[in-house]
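One-letter residues, chain by chain:
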Amino acid sequence: IVATDGMKITLGGRTVTIYLMPGHTPGTISGIFQVHDRGKPLTVAYSGGTEFNFLNDVPHFDAYLASERKFAAIAAAAGATIILGNQSQFDSAALKLKTLSERRSGEVHPLDVGAAAVARYFKIEDECAQAVRLKLLAQQNDANQPGK
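Residues numbered from 1 in each chain as written. Predicted model: local features only at pLDDT ≥ 70, side-chain atom pairs only at ≥ 80, totals over all residues. Heavy atoms only, no water.

1. Focus on the packing of aromatic side chains
In this structure the tally under the stated criterion is five aromatic pairs. Both rings, one in Y19 and one in F71, keep their centres 6.2 Å apart while their planes meet at 50°; by these two values the pair is tilted. With Y19 in strand 2 (residues 14-20) and F71 in helix 1 (residues 58-78), this pair connects stretches of sequence that are 52 residues apart. Taken as a pair, Y19 and F71 share a single burial class, namely buried. Note on F52 and F61: the rings are 5.0 Å apart at their centroids and 75° apart in plane angle, and the pair reads as edge-to-face. The rings of Y19, F71, Y121 and F122 are connected pair by pair, giving a single aromatic cluster. (Phe/Tyr/Trp six-rings, centres within 6.5 Å; stacked < 30°, edge-to-face > 60°. Helix = DSSP H or I, 4+ residues; strand = E, 2+ residues; numbered from the N terminus. Buried < 20%, exposed > 50% of the residue type's maximum accessible area, 1.4 Å probe, protein only.)

2. Concerning the pattern of salt bridges
The full count for this structure, using the stated rule, is six salt bridges. Among the salt bridges present, the one from K70 reaches D5, with a minimum N-O distance of 3.0 Å. Of this pair, K70 sits in helix 1 while D5 sits in the segment before strand 1 (8-11), placing them 65 residues apart in sequence. We classify D5 as partly exposed; its relative accessible area is 42%. Here D112 makes a salt bridge to K40, at a shortest N to O gap of 3.7 Å. With D112 in the loop between helix 3 (93-98) and helix 4 (115-143) and K40 in strand 4 (residues 40-47), this pair connects stretches of sequence that are 72 residues apart. Assessed through its relative accessible area of 18%, D112 is described here as buried. (Salt bridge = Lys/Arg side-chain N within 4 Å of Asp/Glu carboxyl O.)

3. Some details on empty space enclosed by the protein
Counting across every chain of the model gives one cavity of 30 Å³ or more. One number sums up the size of the largest cavity: a volume of about 80 Å³. Lining the largest cavity are M21, G23, H24, S30, S47, G49, Y64, S67, E68, F122 and E125. Residue assignment for the lining of the largest cavity shows that the elements contributing at least two residues are helix 1 and helix 4. The element best represented in the lining of the largest cavity is helix 1, accounting for three residues. A breakdown of the residues in the lining of the largest cavity according to their chemical character gives three nonpolar, six polar and two charged. (1 Å grid on protein atoms, 1.4 Å probe; cavity = no way out; pocket = protein on both sides within 12 Å on 5 of 7 lines; lining within 4 Å. Points joined across faces, edges and corners; volume = space filled by probe spheres on them. Nonpolar A, V, L, I, M, F, W, Y, C, P; charged D, E, K, R; others polar.)

4. A few points about the nonpolar core
Y19, M21, I32, A45, F71, A72, I74, A75, A80, I83, V118 and F122 form the largest nonpolar core, which has twelve residues in total. Contributing elements (two or more residues each) for this core: helix 1 and helix 4. Filtering out sequence-adjacent residues up to four positions away, A75 remains in contact with I32, A45, A80, V118 and F122. (Core = buried A, V, L, I, M, F, W, Y, C linked by side-chain atoms within 4.5 Å. Contact = heavy atoms within 4.5 Å.)

5. Some words on the packing of helix 1 against helix 4
At their nearest, the axes of helix 1 and helix 4 sit 10 Å apart, and the two run at 165° to each other. In terms of orientation, helix 1 lies roughly antiparallel with respect to helix 4. Between helix 1 and helix 4 lies a crossing of left-handed hand. Residues V58, F61, D62, Y64, L65, E68, R69, F71, A72 and A75 of helix 1 form the contact with helix 4, whose own contacting residues are V118, F122, K123, E125, D126, A129, Q130, V132, R133, L136, L137 and Q140. (Axes fitted to C-alpha atoms, helices over the stretch in contact; angles between N-to-C directions. Parallel < 35°, antiparallel > 145°, perpendicular 65-115°, else oblique. Left-handed = near helix turned anticlockwise from the far one by under 90°.)

Printed below as a string of structure tokens:
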């Protein structure tokens, strides 16, 4: 199949809503889905790509920022309290999941960070991308100034 923005894919009684996120790399997708922790529903925002592994120019950062902002709004509207990335070494997801077997009754799920933390994650992504974008703009302006 070819993913489309907002496409719903259901497997085994679980539905993932797919969102196109071309800023990271062409074809990157992210998703929103629900899991249950001891019967409690939790909403997950799965980000398909956060690294700046693209050509470092202003248009690519503009596309990245547009995708990131779009998904941040989608995650907020969905009430996501869990944020997962496509590379668990950056969010320690694999390590946190290992702690589930030792979790005691009443302890929160190690990935359930809350909606405010999910929003903060996207804010940090946004600010980092903006900082690099502004640096690139400054370099362009310096290159276009006579005598520099």
